[in-house]
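Remarks on the overall topology
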Amino acid sequence: GDYVEATLELVVVPMKAEDYYGPNANLHQDLERHGNTWEPIYRLARLNDLSVIMRKGILLRAYPLLLRSVLLAQAPMLHVDALERIPTSTHLQVLYSFLRSRGARVEVFDPLVDFGLPGNDLPGYLRRIEERIASIPFDVLGVSAWTSFQYLGSVAVGSLGRRLSPEAVLAVGGYHPSVLPEDYTKVGDSFPFDYVVRGPGELFLANLAESESPRPDRPVVVQGSPAPLDQLRTDGSYPYHQASVFLSRGCPHACSYCSNRTSDYDTMSVEHAVAECLEADRRSTDGLFRIQDAIFGLRRPWRQGFLRELARHPLRARPCLEVRADQLDPDDPELLAPLKPVVYLGVDSASPSMLRIMNKTRSPEAYLSHLVRALRACDCHGVEYVIGVLVNHPGETPAMLRESTEWFWRLLWDGPSQGLLAFMTHRYAYFPGSPIEEMLPGLAAAGARIGHPGWWRVARSDHRVMSEANQGSGDLTEAHVAEAMRRLETANWMIGPRRRALVEDMAQRARGHEA
């Protein structure tokens, strides 16, 4: 019943030097001295017992030497005609830093930063992407499709990666794969990705990097699990210069338009969050650093502890952060003031009926009253803010849109609005996976309609335009929407001097960084 587990290795060595015709001069000399004896075998076993000290990369096998290399790629936006600014790839920075902290050899490729948008030369754009991928050896390719605008780009990068490195393991993650993994389990007649990761991907990707697992026969959908947030430390060697951080994960709210379904909310420790912000402040070149949490500082004790601790450190840049209008407590602006932040308030609408439809709040009147008190406190302490407004959301009627626009217009004139920098107005854009999908049947009776339900799969036109080509209600016309946006833009023109002062302050801070 006893047995022994062992690995048998067969080594074939020439019997004498005349039989060997290879380039290994040391082996040739050894055969001349010890041919047809046990000593050449002993020499090979002893000298090939390598002790490898890794400074970069993950060692899978000492002999023959086998290292695991990872390429992280941001998916391009192949069918977007214009962007206000190139989005930061903070999520890739997180993955890069986490993998390097575990010893992985990691490279990053962000075509949005390197090449911008395709413009009118999509074939040439894809050739440049292929050339870049071909220049980077990899065993694991992780592709990020952060938004649905990147769906076709992620498929293109996956297909190029599969053709260039047939034996590599390919994984895709991000919001789009999380809500529609079936878009990746079969693409045409090919299966470019081995794994489709839903949710956080740090630990799963690390496991791929640290194991020599074979490729599955068909794409596998896996549920990712998050690494502890305090293990996510920004690596200063990240090749794309950006000053942005995540301090928390998840959002417990379920706003109708949002695809973020990670309801479990968690934060870094205050100490770790402050350290991450100081690193972002060090990297800033434009006078700002961005806290990109879906919802900043949801829990009051953490939020106020963090603000107090961060204020103890001199900052060269101004933090930008997004909070809910009903989340700011009256004493928060006093804690924010020393940081000179730019606060984004996603108010979205000032119509109580619309706020209910958007699932922003169950008590819209209290929500708006809380907003006014928060703005008054911001004005009192000199905290500047931007108010986000969403128009043409499914269910919106001309009366709701007019009520909301008039409320914001009165806010500008009657206050509180001393710290108001701008109304940032957006048309509603449909993205898959948001709660609106369950709400649409009920709203359709009033004429609500999504213009292009599967726009991200269409390889033509401008996806931004297609995602926004929706009808809020049967009575809401393009003229109504355009007029509301024009009025809010007029308001922005009237408060233009405040924005110019902000730009000048940012420029001055950026010059200070360069000095």
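Structure report, in brief.

What counts and how
The numbers attached to residues start from 1 for each chain and follow its sequence in the written order. It should be noted that, the model being predicted, local features are given only for residues of pLDDT at least 70 and side-chain atom pairs only at 80 or more, the latter also being counted only at that level, while totals for whole chains, interfaces and linings use all residues. Working from all heavy atoms in the structure, the side-chain values ignore hydrogens and water. Note on terminology: a nonpolar core comprises buried Ala, Val, Leu, Ile, Met, Phe, Trp, Tyr and Cys residues joined through side-chain atoms within 4.5 Å. Using a 1.4 Å probe on the protein chains alone, a residue whose accessible area is under 20% of its type maximum counts as buried, one over 50% counts as exposed, and one in between counts as partly exposed. Helix and strand assignments come from DSSP, with helices taken as H or I runs of at least 4 residues and strands as E runs of at least 2, each series counted from the N terminus. Strand pairing is assigned whenever DSSP identifies at least 2 bridges connecting the two strands. Crossovers are marked right-handed if the path from the first strand over the helix to the second runs clockwise, as seen with the strands pointing away from the viewer. Stacked, tilted and edge-to-face are the three classes applied to pairs of Phe, Tyr and Trp rings, where Trp contributes its six-membered ring and a pair requires centres within 6.5 Å; stacked means planes under 30 degrees apart, edge-to-face means over 60, and tilted covers the rest.

**What about the nonpolar core?**
Grouped together as the largest cluster of nonpolar side chains are 128 residues, with contacts concentrated most on Leu 72, Leu 247, Phe 306 and Ile 387. The element best represented in this core is helix H15 (residues 398-414), accounting for seven residues.

**Topic: the pairing of strand S5 (residues 169-173)**
Looking along a regular strand, one sees the side chains alternate between the two faces of the sheet. The buried fraction of S5 is high, at five of five residues. On S5, burial covers both faces: Val 169, Ala 171 and Gly 173 on one face and Leu 170 and Val 172 on the other are all buried. Across five bridges, strand S4 (residues 140-144) lies against S5 in parallel orientation. Bridge pairing links Val 143 to Val 172 in S5. In terms of handedness, the path from S4 via helix H6 (residues 151-164) over to S5 forms a crossover that is right-handed. Summarising the sheet, S5 and strand S6 (residues 195-198) pair through two bridges and their orientation is parallel.

**Looking at the packing of aromatic side chains**
Both the distance between ring centres and the angle between the ring planes are used here to describe each pair of aromatic rings. Under the defined criterion, the tally for this structure stands at 21 aromatic pairs. Pairing Trp 302 with Phe 306 gives two aromatic rings, centres 5.0 Å apart and planes at 5°, and the pair type is stacked. With Trp 302 and Phe 306 both in helix H11 (residues 300-311) and four residues apart, the pair spans about one turn of that helix. The class of Trp 302 is buried, set by a relative accessible area of 12%.

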